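Read off the chains here:
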Amino acid sequence: MTLRSPSMMTSSLSGVLAPAPADAATAADARALATLRNGASRDPKAAIKETAKQFETLFMQQLLKGMRDAQAAMSSGVMDNQATQLGTEMLDAEYAKKMSGAPGGLADVIARQLERQINNVTPNTALPDRASRVGLPSADLIAPLAPSAKQHQLDFVQRHTEAARAAETQTGIPASFMVAQAAHESGWGQREIRNADGSSSNNVFGIKAGPGWSGRVAEVTTTEYVDGTPRKVTAKFRAYDTHAEAFSDYARLMKDSPRYSQVMASASAGSATAAGFAQGLQRAGYATDPAYAEKLTRVINTTLRLQRV
């Protein structure tokens, strides 16, 4: 592409072109942002480089604009008009693109800084509690979705979100937390408790069949921790006709069992965080695994990230 001087561009543009409408520019920015976001989900490193290059381009445009403004302040400005200004801005934009993205340039510095910020993010640094409750991601979820995210995880979240939302209206527990707990208990649906005939019990929450349970039962071998030591035991678990029934029964368990009163109180107050919810379940004895809260917190964060895709 051959770049022409502002005066040459002005002769052909004067009286023909006007500045692009603001809504058109906004639409273009929105499309560019959507493209960048989609790219981040597929290739985070490439997205970081592209973002850094865009930052450098903006910087170079501002630098050129500053130089133009300084030059204009010292000139008479007789030849300045809307067309010449447009031509100059277009030329500067092309120059800025040409000068951006070179190896060892500002874009490389920005990219390294962005990578450090993403890699240094640690779990459980959540946004204010209310933000987590309404479905906003924690601060550790700002990084793009890792390429290792499996399709079956996305499918699991999409498949159970509606039932989880229905359970949320009964309990106040964020739907994303319940989907995550179901994912953790069932291995994202790949390790569901099976009936004797091999069919699924639809018990994605691992709820056991105690003396008060009068429904169908699936008896399987599971791992229980006794004094911190894992042991294989045979236990009876509740069986349901559908996954939706499992979510509904889970909601009843949370509401009716006194042991989960603190979990419910936190949910009702809108102050439940991923880590707080998981720790509350562990303190209440939902599972015997001493690392249950830590594991569940990680799955909740993964679920929130998947919901943002």
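Structural data are supplied above this passage.
The following paragraphs examine the structure supplied in this document.

How each quantity is defined
Residues numbered from 1 in each chain as written. Predicted model: local features only at pLDDT ≥ 70, side-chain atom pairs only at ≥ 80, totals over all residues. Heavy atoms only, no water. Salt bridge = Lys/Arg side-chain N within 4 Å of Asp/Glu carboxyl O. Helix = DSSP H or I, 4+ residues; strand = E, 2+ residues; numbered from the N terminus. Buried < 20%, exposed > 50% of the residue type's maximum accessible area, 1.4 Å probe, protein only. Polar contact = N/O pair within 3.5 Å; in protein donor to acceptor, adjacent residues only side chain to side chain. Contact = heavy atoms within 4.5 Å. 1 Å grid on protein atoms, 1.4 Å probe; cavity = no way out; pocket = protein on both sides within 12 Å on 5 of 7 lines; lining within 4 Å. Points joined across faces, edges and corners; volume = space filled by probe spheres on them. Nonpolar A, V, L, I, M, F, W, Y, C, P; charged D, E, K, R; others polar. Expected span 1.5 Å × (residues − 1).

## A word on the pattern of salt bridges
Then, number 1: Inspection of every chain in the model, using the stated rule, returns six salt bridges.
Then, number 2: Close ionic contact of Asp241 with Arg216 constitutes a salt bridge, the shortest N to O distance being 3.0 Å. Of the two residues, Asp241 sits in the loop between β2 (229-238) and α9 (243-256) while Arg216 sits in the loop between α8 (175-186) and β1 (217-226), which places them 25 residues apart along the sequence.
Then, number 3: Residue classification places Asp241 among the exposed residues on the basis of a relative accessible area of 55%.
Then, number 4: Under the relative-accessibility criterion, Arg216 is labelled partly exposed at 41%.

## What to know about unusual backbone geometry
Then, number 1: In the Ramachandran plot, Trp188 falls in the positive-phi region, its phi being about 55° despite a non-glycine side chain.
Then, number 2: Relative to the elements of secondary structure, Trp188 occurs in the loop between α8 and β1.
Then, number 3: Relative accessible area serves as the criterion here: at 12%, Trp188 is assigned to the buried category.
Then, number 4: A positive phi angle, near 60°, is found at Asn202, a position not held by glycine.
Then, number 5: As for its placement among the helices and strands, Asn202 is situated in the loop between α8 and β1.

## Let's talk about the side chain of Glu224
Then, number 1: Along the polypeptide, Glu224 turns up in strand β1.
Then, number 2: Using a relative accessible area of 14% as the deciding quantity, one classes Glu224 as buried.
Then, number 3: For Glu224, the side chain forms a polar contact with the side chain of Lys208, separated by 2.4 Å.
Then, number 4: Setting aside anything within four residues of it in sequence, one finds Glu224 in contact with Lys208, Thr229, Pro230, Arg231, Val233 and Thr288.

## Thoughts on the layout of surface pockets
Once rolled over the atoms, a probe with the size of a water molecule shows which space is left empty.
Then, number 1: Taken as a whole, the largest pocket encloses approximately 930 Å³ of empty space.
Then, number 2: For the largest pocket, the lining is made up of 29 residues, of which Glu185, Gly206, Thr222, Thr223 and Phe237 are closest to its centre.
Then, number 3: The set of elements that each furnish at least two residues to the lining of the largest pocket consists of α8, β1, β2 and α12 (292-307).
Then, number 4: The greatest single-element share of the lining of the largest pocket, amounting to six residues, is contributed by β1.
Then, number 5: A class-by-class count of the residues in the lining of the largest pocket yields eleven nonpolar, seven polar and eleven charged.

## Description of the environment of Ala166
Then, number 1: With respect to the helices, strands and loops of the structure, Ala166 is situated in helix α7 (residues 151-171).
Then, number 2: Considering only alpha carbons, one finds Ala166 and Ala244, 78 residues apart in sequence, at a separation of 9.0 Å.

## Overview of the side chain of Ser176
Then, number 1: Here Ser176 is to be found in helix α8.
Then, number 2: Sequence-distant contacts of Ser176, defined by excluding residues within four places in its chain, comprise Thr303, Leu304 and Gln307.

## Description of α12
Then, number 1: Its 16 residues give α12 an end-to-end C-alpha distance of 22 Å, which sits within 8% of 22 Å, the value for a rise of 1.5 Å per residue.
Then, number 2: Residues Tyr292, Ala293, Leu296, Thr297, Val299, Ile300, Asn301, Thr302, Thr303, Leu304 and Leu306 constitute the buried set of α12.
Then, number 3: Here the buried face of α12 lies against α7, α8 and α11 (274-283).

Just geometry here; none of it tells us what the structure is for.
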